Amino acid sequence: MQVIVIAMQKGGVGKSTLARSLAVAAVRDGLSVLILDMDTQQSVSQWAERREADMPVVVFSTENELPKKLAQAKDAADLVIIDTPLPAQPKLRLLLRLQIWF
């Protein structure tokens, strides 16, 4: 499983759009993709609800749920894309620095 984390300290830079675009491209290449939508606006989750396609799978996640959801995805997804909240919370920044789920 590969993990891509999309994080910025500024809003309106296209994190969710980038997450969706990368996920769709990966699905078209035959990968099993999970997007973990951590943004409280949940725009990726709303996008997924409007789509007719089953892939990519989109799941909302909080900081506390992140390690568990990544562990669950380990055998089920080829690629996990994490759309982070703004601003990145201290615990999330620590998880990203330590990369404890790899």
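Being a predicted model, the structure only gives us computed values, none of them experimental. Once a new chain begins, its residue numbering starts again from 1 and follows that chain's sequence as written. A pLDDT threshold of at least 70 governs which residues receive local features in this predicted model, and a stricter bar of 80 or more applies before side-chain atom pairs are shown or counted, although totals over entire chains, interfaces and linings include all residues. Calculated side-chain values reflect all of the structure's heavy atoms, with hydrogen atoms and water omitted.

Novice: Please provide a residue-by-residue account of the overall build of the chain, values included.
Specialist: Numbered from the N terminus, helices here are DSSP runs of H or I no shorter than four residues, and strands are runs of E no shorter than two. Secondary structure assignment for the chain yields 4 helices and 4 strands. Going from the N terminus to the C terminus, the chain shows its helices and strands as β-α-β-α-β-α-β-α. The contacts in the chain between residues at least 6 apart in sequence include a share of 67% that link residues at least 24 apart. Working definition of accessibility: Shrake-Rupley area with a 1.4 Å probe, residue cover restricted to the visible protein chains. About 6100 Å² of surface is accessible on the chain, with carbon and sulfur atoms providing 51% of the total. Any two residues having at least one pair of non-hydrogen atoms within 4.5 Å are treated as being in contact.

Novice: Tell me what's going on with the pattern of salt bridges, and back it up with residues and numbers.
Specialist: Salt bridges are identified by distance alone: a Lys or Arg side-chain nitrogen within 4 Å of an Asp or Glu carboxyl oxygen. Counted under the stated rule, the structure contains 1 salt bridge. Its salt-bridge partner being Lys-69, residue Glu-65 comes within 3.5 Å of it at the nearest N-O pair. Its relative accessible area of 18% is what places Lys-69 among the buried residues. Residue burial is assigned from relative accessible area. The probe radius is 1.4 Å, only protein chains are included, and a residue is buried under 20% of its type maximum, exposed over 50%, and partly exposed in between.

Novice: Before we move on, could you go through the nonpolar core and cite the residues and values that matter?
Specialist: In this description, a nonpolar core means a group of buried Ala, Val, Leu, Ile, Met, Phe, Trp, Tyr and Cys residues linked to one another through side-chain atoms lying within 4.5 Å. The biggest cluster of nonpolar side chains holds 12 residues, and these are Ile-6, Ala-19, Ala-23, Val-24, Ala-26, Val-33, Ile-35, Val-44, Trp-47, Val-58, Leu-79 and Ile-81. Those elements that place two or more of their residues in this core are helix 1 (15-28), strand 2 (33-37), helix 2 (43-50) and strand 4 (79-83). No other element matches the 4 residues that helix 1 contributes to this core. When sequence neighbours within four positions are dropped, the list of residues in contact with Leu-79 reads Gln-2, Ile-4, Ala-26, Ser-32, Val-33 and Leu-34. Ranked by size, the runner-up nonpolar core spans 10 residues in total, among them Ala-73, Ala-77, Val-80 and Ile-82.

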